[in-house]
Every structure is written in structure tokens, then in C-alpha cells.
Amino acid sequence: MAGTLQGSCCSSSRARPPCHGLISRALETGDTSSISFSSHLSDLSVKSLERTRQIQPFKKIMAVRAKSSSKHMDVDISLSPRVNSVKPSKTVVITDQATALIQAGIPVIKLTVGEPDFNTPAVVAEAGIKAIQEGYTKYTPNAGTLELRTAICHKLKEENGLTYTPDQILVSNGAKQCILQAVLAVCSPGDEVIVPAPFWVSYPEMARLADAKPVIIPTSVSENFLLDPKVLESKLTEKSRLLILCSPSNPTGSVYPKKLLEEIAKIVSKHPRLLVLSDEIYEHIMYAPSTHTSFASLPGMWERTLTVNGFSKAFAMTGWRLGYLAGPKHFVAACGKIQSQFTSGASSIAQKAGVAALHLGYRGGESISTMVKAFRERRDFLVESFRKLGGVEISEPQGAFYLFLDFSSYYGAEIEGFGVIKDSESLCRYLLEKAQVAVVPGEAFGDDKCIRISYAASLSTLQAAIERIKEAMVLLRPAVPV
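Residues numbered from 1 in each chain as written. Predicted model: local features only at pLDDT ≥ 70, side-chain atom pairs only at ≥ 80, totals over all residues. Heavy atoms only, no water.

1. Some remarks on the pattern of salt bridges
Here is step 1 of the chain: Evaluated as defined, the whole model comprises 14 salt bridges.
Here is step 2 of the chain: Between Glu396 and Arg379 there is a salt bridge, and its shortest N-O distance comes to 3.7 Å. Taken together, the residues span a long stretch of sequence, with Glu396 in the loop between helix H12 (365–389) and strand E11 (402–406) and Arg379 in helix H12 at a distance of 17 residues.
Here is step 3 of the chain: A relative accessible area of 29% places Glu396 in the partly exposed class.
Here is step 4 of the chain: Relative accessible area serves as the criterion here: at 2%, Arg379 is assigned to the buried category.
Here is step 5 of the chain: Look at the salt bridges and you will find they share partners, linking Arg379, Asp380, Arg387 and Glu396 into a network. (Salt bridge = Lys/Arg side-chain N within 4 Å of Asp/Glu carboxyl O. Helix = DSSP H or I, 4+ residues; strand = E, 2+ residues; numbered from the N terminus. Buried < 20%, exposed > 50% of the residue type's maximum accessible area, 1.4 Å probe, protein only.)

2. Concerning a negative patch on the surface
Here is step 1 of the chain: Among the surface-exposed residues, Glu223, Asp228, Glu262 and Glu263 lie close enough to one another that they form a single negatively charged patch.
Here is step 2 of the chain: Here Glu262 shows up in helix H9 (residues 258–268). (Patch = residues over 30% accessible without salt bridge, like charges linked within 9 Å, V, L, I, M, F, W, Y side chains within 5 Å. Areas by Shrake-Rupley, 256 points an atom, 1.4 Å probe, with all protein chains shown as cover. Lys, Arg positive; Asp, Glu negative; His and termini not counted. Charge placed at Lys NZ, Arg CZ, Asp CG, Glu CD.)

3. Some points on the sheet that holds strand E16 (residues 450–454)
Here is step 1 of the chain: Pairing is antiparallel across the open sheet formed by 3 strands, whose spatial order is E11-E16-E15. Of all the strands in the sheet, just E11 and strand E15 (440–441) have a single pairing partner and so form its edges.
Here is step 2 of the chain: Looking at chain direction, E11 and E16 are connected through 5 bridges and run antiparallel. By the bridge assignment for E16, Asp406 is matched with Cys450. (Pairing = 2+ DSSP bridges.)

4. Points about the packing of aromatic side chains
Here is step 1 of the chain: All chains considered together, the criterion is met by 15 aromatic pairs.
Here is step 2 of the chain: Taking 5.5 Å as the distance between ring centres and 75 degrees as the angle between the ring planes, the aromatic pair formed by Tyr282 and Phe401 counts as edge-to-face. Pair noted here: Tyr282 is in the loop between strand E8 (275–279) and strand E9 (305–310) and Phe401 is in the loop between H12 and E11, with a separation of 119 residues, a long-range link. Grouping residues by exposure puts Tyr282 and Phe401 together as buried.
Here is step 3 of the chain: One residue, Lys352, lies across the ring of Tyr136, its end atom 4.8 Å from the ring centre. (Phe/Tyr/Trp six-rings, centres within 6.5 Å; stacked < 30°, edge-to-face > 60°. Lys NZ or Arg CZ within 6 Å of the ring centre and 35° of its normal.)

By themselves, these figures tell us nothing about what the structure is for.
Dropping the structure here:
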């Protein structure tokens, strides 16, 4: 059922083009496009990618001279301070770069992508096809069809113990849009958005788009990357407006147990202005004995919680772009107002498919349980493999499909022909060049000690990737004794 990702070739270094210096030797000056982990690096540029996008740092004030047949004029192409304050999504950048390298003929294994490698369940896809065939291709109400919002209410009641009415549901073009609209709707300039780290890359940038201030609270691998309630309490101020929680977590796979959420809820209840955005997009991808608790189901939290979920992860529907927000009508209506001037309603076709997905059965039925079983097998394989590698600290994920591994014991190692492994970005560049495996630096998620590996890939692809990584890491010795 799972599809092998492009680039998953034999793990032997003899079965693929020599890695060392392959990408570096392709570097050319001139108009070639930059393939790098950050907007200012040009280490991994490929000559054959003349037409790919080059990522450059924004400049606050720029002018370009435009020529016409009769005169010259200066055009102000400056960007707004709001846009200049936002960083590009590094996961998107790196995934695009890995894809470009593959297209250039370099057999890179991509372990960067945050989407299931499974097909959308057949019955769901057929519902979308039927919608097209029957002409269900017009605009829908801005908030989503009544049919879908009613189905969402039923799902939340049966699976999450949450009671909502259809006017307390907003269907959007993916959960990402739901989150951004929620942040824009409730945050004022100068408000603080509390974000535990490691975090999904977009949370802090969404706060900045709302002219709010992201307040990052670090967590540790030894505590399974879970927020310490005492630390949270020490960081809250009168400006604290929104706490963002993600369980299961991207990038760590950590799951918040109910008892810990109850402790957090007690602290939240002391702050009248503080709302909670509960990102539950990975809710169905969990590994027993872990269980999911919706934050809004805790005493006193329904009134101040915005619950975000969607169809992308659990139902392998990333390309359908369908998510939803549930919460008190006052907040949901405000988000709907933004959406009405932004994108309007989600795709009518995707909404019909969403209804079919919610009718698959409790927690997605057999289709989802089969996918989760495969994810668990992959997780177990990777955890065992990296424990054997040595020098790696691991918090075993209880959900989602990511490993967030602490490789900091290797920082400081120097590789002839490459340089010093000084941080997560240089380690990922080394793995891309030496092992031809693309992973994401932990710096993008707020923890530079770690790298994120997605196991949304077939087991055979992961086995090949592990062999390549081992070959590359054998050249390193942990700079810090372990």
C-alpha cells in the first residue's frame, strides 16, 4: 500500500554515483539556482537546475530600474515589514531542494516530507470523483457545507467527547489555514504567543504575521519534549494571549498524557486572557498504549480552546487541502470573517471526500489502523537502528511519523573535504552530500541539537537510508564522549 519514495536506490555506495564532492563539484557561478538549507548558503548548487527557484534574503528597501522604449523609471519593490519579519518554511525549502536534486539525476532519499506515503482510501477518492461527475463543482458556503460540518460535529462528539453545533465549525483549505486565521483573529499587536519548542516551523511565523511576539519555551529530550507546567507558569504575563499545543507533536512525535494536560489547564485557568490552540492533526496516528486527549474536553477549557484538525495526515489527503476549526462561536465567526475575504470556502470536491472519510468508522476504521500499523513498524526499526549507531539521544515517538534525534555529541567533528560539523544544519548538509539522504535540521524547529527524520516512507526506503547514514557517520566520532 505504501509507495516507495523516489530516490530509494540500493544502500551500497558502489550502487550509486560517488557522494563525496558530487554536489560540490556541480557548483557553478553565474545564474545557477542555489540548493541550500538556508537562504544565504550556496553550498549545494547544481548546474543543471538553471530554471529552479533561487532563494535570496529579503531587503527592506530595493529599487529596480525598468526600461521602456522612451524613458527610464525607478520602481519601488520594497516589501512590508510584516513580510520581512517572516522566515520561509525550512521544511518546504529542503523538500523542494531534495526534489530538485533527484530531478537532476542525484539519487537522494527524501526523509523530509510531512505527508503519509499512502494513497487516499479508495472510498474517499471515489467520493471526490463522484462529486465531479455529478457536477458538484460550485462554490460552497464560506464555513463549509452543512453536511460536512454536521459530520465533524458527530466525529468530535463520538471520538473526542466534545459537543459543538455546525455554526461552531469552520472548514478551511487545510489545517494550516485554520491555525493562521485563528492567530490573526485573536492576537493583537504586542500580544504574546506561547510556543513550546521543538515546534512546527510555522507557529512562530504565524505569530509574527499577526504582529504578535512568539515566546519560545524549550523542552528537553530527557523529558520527552513535553512542556513543564512550572516553566509555563513562569513565562506567562499579562500580554500572554495564546498557548499553542500540538499532540501528537510535529516534529517530536511526543504525546501529552491527560494528567499533564490537566496540570497545564489549571495554570491556563488563572489567566483570563489566555486562550489555547490545540493542534490535533496527528490525533489518529498514535501507538498504544498512548491515548489522545482533546484539550477542550478538560474542565473549564472548552470556552477558551480552539481545536484544529483535518484530513491530511490520518486520511492521507494532503493534496485535497481540507481542515477544520472548532471552538466557541464568537471566535469561529471571527476566523470565518477572515476566510471570507481571503479564500472563501474550501473545495466542494474535497468536502464531499471529507464526508466519506468521516464515514469510514470510528477513528478512521480499518484503512487508518492499517496505516498506523505500518508507521509503528517503521518507527520500531528506526529507533532500534539509531540506538545501535551510538552517540544519539532518542525520545521514542508515541505518535505522528517523525523521529527527532539529538546528534549534538557529534558536533565539533571535522571531516576532510567538508569541514566542521558545528550544528544541525551542517550535519544535514553533510548527510545530503555524503549519504545522499535529506533530513531537516532541528534548528528549523527551535532545537539545534537535533535533526528531524520523517518515516513516511516504505520500510525498504528507510533500510536503504539507514545504511547510507551509517556509512557516513562511521567517518565521524562523537566530539563529546557518550
